[in-house]
Amino acid sequence: MSDVQEATNQLLDVNLRENQMSVQVTGSGPRSESEHLQVTIGATVPTGFEQTAADEVREKLGSSCKISKDRGKIYFDISVDSLAQVHCLRSVDNLFVVVQEFKDYQFKETKEEVLKDFEELAGKLPWSDPLKIWKINTCFKKKKTKRRKINPNSSKQKIDNGRGDTTVEKDVKKEFTNSVSDSQILDCYENPTIKEEVSTLIGDDLTSCKDETEENSKEDGYPEVLKFRVTCNRAGEKHCFSSNEAARDFGGAVQDYFKWKADMTNFDVEVLLNIHDNEIVVGIALTEESLHRRNITHFGPTTLRSTLAYGMLRLCAPQPTDIIVDPMCGTGAIPIEGATEWSNCYHIAGDNNPLAVNRAANNISSLLTKIQVKEGKLSLGLPIDTIQWDICNLPLRTGSIDIIVTDMPFGKRMGSKKRNWNLYPACLREMSRVCRPGTGRAVLLTQDKKCFAKALSGMGHLWRKVHTVWVNIGGLHAAVYLLKRTPQSFVHPSEQDGERCPCVTNAMLPSSHRGRRPPDTGQTTSATHPPTNPPDPLPPEFRSPT
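Residues numbered from 1 in each chain as written. Predicted model: local features only at pLDDT ≥ 70, side-chain atom pairs only at ≥ 80, totals over all residues. Heavy atoms only, no water.

## Describing the environment of V92
Alright, step 1. Considering the arrangement of structural elements, one finds V92 in the loop between α4 (83-86) and β4 (94-102).
Alright, step 2. A sequence separation of 48 residues divides V92 from T44, and the C-alpha atoms of the two residues are 5.9 Å apart.
Alright, step 3. Filtering out sequence-adjacent residues up to four positions away, V92 remains in contact with A43, T44, V45, L291 and T307. (Helix = DSSP H or I, 4+ residues; strand = E, 2+ residues; numbered from the N terminus. Contact = heavy atoms within 4.5 Å.)

## Considering the pattern of salt bridges
Alright, step 1. One pass over the structure, following the stated rule, counts 18 salt bridges.
Alright, step 2. For the salt bridge of E50 with R71, the shortest nitrogen-to-oxygen distance reads 4.0 Å. One end of the pair, E50, is in helix α3 (residues 50-61); the other, R71, is in the loop between β2 (65-67) and β3 (73-79), and 21 residues separate them in sequence.
Alright, step 3. E50 gets classed as buried once you look at its relative accessible area, which sits at 9%.
Alright, step 4. The partly exposed category is assigned to R71, whose relative accessible area is 28%.
Alright, step 5. Taking the shortest distance from any N to any O, the salt bridge between D129 and K132 comes out at 3.6 Å. Placement of both D129 and K132 in helix α6 (residues 128-144) is noted, with a separation of three residues, approximately one turn of the helix.
Alright, step 6. Several salt bridges converge on common partners, so that one network encompasses E56, K60, R90, R294, E337 and E341. (Salt bridge = Lys/Arg side-chain N within 4 Å of Asp/Glu carboxyl O. Buried < 20%, exposed > 50% of the residue type's maximum accessible area, 1.4 Å probe, protein only.)

## Some details on unusual backbone geometry
Alright, step 1. Of note, the phi angle at K259 is positive, near 60 degrees, even though the residue is not glycine.
Alright, step 2. Here K259 lies in the loop between α8 (243-258) and β7 (261-262).
Alright, step 3. Of note, the phi angle at T321 is positive, near 75 degrees, even though the residue is not glycine.
Alright, step 4. Residue T321 is classed as partly exposed on the basis of its relative accessible area of 33%.

## Examining α3
Alright, step 1. With twelve residues, α3 should reach 16 Å at 1.5 Å per residue; the first-to-last C-alpha distance of 16 Å fits that figure.
Alright, step 2. When α3 is considered as a whole, its buried residues turn out to be E50, T52, A53, A54, E56, V57 and L61.
Alright, step 3. Packing partners of the buried residues in α3 comprise β2, β3, α4 and α9 (306-315).
Alright, step 4. Positive backbone phi, approximately 70 degrees, marks G62, located one or two places after α3. (Expected span 1.5 Å × (residues − 1).)

## Description of the packing of aromatic side chains
How two aromatic rings sit relative to each other is given by the distance of their centres and the angle of their planes.
Alright, step 1. Using the criterion set out here, one finds 14 aromatic pairs in the structure.
Alright, step 2. Plain terms: the ring middles of Y310 and W342 are 5.5 Å apart, the flat faces sit at 25 degrees to each other, and that makes the pair stacked. Of the two residues, Y310 is situated in helix α9 and W342 in the loop between α10 (333-341) and β11 (346-351); the sequence distance between them amounts to 32 residues. Accessibility classification places Y310 together with W342 in one group, the buried group.
Alright, step 3. Grouping aromatic residues by their ring pairs yields a cluster made of F102, Y105, F107, F118 and F241. (Phe/Tyr/Trp six-rings, centres within 6.5 Å; stacked < 30°, edge-to-face > 60°.)

## Considerations on the side chain of N295
Alright, step 1. Tracing the backbone shows N295 in the loop between β9 (279-285) and α9.
Alright, step 2. Overall, the relative accessible area of 4% leaves N295 in the buried class.
Alright, step 3. Polar side-chain contacts of N295 include one of 2.7 Å to the side chain of E337.
Alright, step 4. In this structure, N295 is in contact with R90, S306, I336, E337, N363 and L367, ignoring residues within four places of it in sequence. (Polar contact = N/O pair within 3.5 Å; in protein donor to acceptor, adjacent residues only side chain to side chain.)

## Some words on the state of the cysteines
One covalent bond between the sulfur atoms of two cysteine residues makes up a disulfide.
Alright, step 1. Overall, the coordinates contain zero disulfides when judged by the stated rule.
Alright, step 2. Left unpaired, C316 is separated from the closest cysteine sulfur, that of C345, by 8.8 Å.
Alright, step 3. A relative accessible area of 3% means that C316 is categorised as buried. (Disulfide = S-S within 2.5 Å.)

## Remarks on the confidence of the model for the protein chain
Alright, step 1. Averaged over all residues, the pLDDT of the protein chain is 75; the fraction at 70 or higher stands at 67%.
Alright, step 2. Note that pLDDT drops below 50 for residues 499-546; the model gives that stretch 105 contacts with residues more than four away or on any other chain. (pLDDT = per-residue confidence, 0-100.)

## A look at the pairing of strand β14 (residues 441-446)
Alright, step 1. Of all the six residues making up β14, six are buried; the element is thus mostly covered by neighbouring parts of the structure.
Alright, step 2. Residues of β14 alternate between two faces, with R441, V443 and L445 on one and A442, L444 and T446 on the opposite face, all of them buried.
Alright, step 3. Both strand β13 (residues 403-407) and β14 contribute to a ladder of five bridges, which runs parallel. Following the sheet pairing, V405 is matched in β14 by V443.
Alright, step 4. Bridge count for β14 against strand β16 (residues 476-485) is six bridges, and the pairing is antiparallel. The partner of L444 across the bridge, within β16, is Y481. (Pairing = 2+ DSSP bridges.)

## Section: the nonpolar core
Alright, step 1. Counting 55 residues, the largest nonpolar core has I41, F76, F118, W127, F250 and V282 as the members making the most contacts within it.
Alright, step 2. The dominant element in this core, judged by the number of residues it contributes, is α8, at six residues. (Core = buried A, V, L, I, M, F, W, Y, C linked by side-chain atoms within 4.5 Å.)

## With respect to the packing of α9 against α10
Alright, step 1. Viewed as axis vectors pointing N to C, α9 and α10 meet at an angle of 70 degrees, and their least axial separation amounts to 9 Å. If you check the angle between α9 and α10, you find them roughly perpendicular. Every pair of crossing elements has a handedness; the one defined by α9 and α10 is right-handed. On α10, the residues that touch S306, A309, Y310, M312 and L313 of α9 are A333, I334, E337, G338 and E341.
Alright, step 2. Residues of the contact of α9 with α10, tallied by class, amount to six nonpolar, two polar and two charged. (Axes fitted to C-alpha atoms, helices over the stretch in contact; angles between N-to-C directions. Parallel < 35°, antiparallel > 145°, perpendicular 65-115°, else oblique. Left-handed = near helix turned anticlockwise from the far one by under 90°. Nonpolar A, V, L, I, M, F, W, Y, C, P; charged D, E, K, R; others polar.)

## Regarding the environment of I401
Alright, step 1. Note that I401 resides in the loop between β12 (384-388) and β13.
Alright, step 2. With a relative accessible area of 0%, I401 lands in the buried category.

## Section: the pairing of β4
Consecutive residues of a regular strand have side chains that alternate between opposite faces of the sheet.
Alright, step 1. Inspection of the sheet shows strand β1 (residues 38-44) paired to β4 by four bridges, in the antiparallel sense. In the sheet register, G42 faces β4, and the bridge partner there is F96.
Alright, step 2. Bridge analysis of β4 against β9 gives six bridges, and the strand direction is antiparallel. Looking across to β9, one finds that E101 is bridged to V281.

Below, the structure is given as structure tokens:
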């Protein structure tokens, strides 16, 4: 029924099939040995949410977790039968199996000596068990879906070290004249003196299948040469070599050791060489694309990653029957993630832009279709609605909302820094009105920290800052603020004179009805129960400008 259970069953089916076919990876033992295999898995996570990811691993896998000194990475030990559940984690972007970790690697003084050590290192590493895991993982992925071809242009990405610098490096070693090493994004905003480089080297590989038809025809276990590449992520200023040079020489040694060949874009195995100061981790990638690409099909100019949305939601610890609102939802990444993981809460996605509301509704519809195809039956829907509204004048009752989670305009792609000085105070004031006094929480993401701090300072009697998580959003140094609503009741100036009209409710019900779906009172699009009759329009004073 759940993703974890389904993934586990698929993995067991793959294991049974492989046992019948007697397909073995080079150096692998009997199937019984693989079943009890213990390996270390590495995962990249949104920077700042390492502890959140570690907590999820402990809860869902029961494994101890270590947070790396290199921001945005965690490590944990699992048995091979837990591999499917690892792919169902909501807080991780990419996964890899650790070949070996060197916590205090002693680099030689000259570049030539260091690169020579890298060449010798390839033949000394314990490749056997990680390759078994890679083989099982590959068959598991192919059973779920056919392998996607990688766009040759997708490897040409921009390096952003937090200051907007860009670098593109090329591999010039003779043995790999046909392969180009491109740069990828790495975040190091917290320390501008650290220079991070990423370079990719391609090489050839061992044995595998190009698609399921080829795999089915290889029941005799006849090996076929595969393709590989080496990706080096380097962080630190005391290295006498570049990531390009490390990937080149290490990749050349891996090629000589396994007799693999080079392919830049259509590789089968990606070997990772992660270097952070004196720490080195060698691994094999288990994901071809980030796991955050799971919910959104209709993208906007500032679509939030699902893994970051999960981390923000988890910060506010949703409880059953909580009403959770994203008043500036954009494409709906936050409420969709919330409705998927916290289905016992009710989620509302709102925005003043009709295009954004349509995108959110389309993303909800696409996700429902995906669920129906997976389960093979009609879905009961998700506890989520969309609505167009004005963030500064929400059609919600005072004190009716338990949690507010939103990505506020940075003033770059959306809005402007100048407009934020008026927008932020108005947003915080309206959020404090609809949020439940004493127990209400808000998790707000913004890069305009100066403006937010100023706005929050004027709301100290209504909001109390509990925690701040520093994150990196596309190279921008941003912050996630966890706020707690104070017990003080909200008093609107116009209410004192009896001028304010009763607000139309879309999210507040009597306490006896908490947790049930509120009635359609606004211009809403329901992803769960579409209204049979058109809802009554909102009063003019609460309508969003179109």
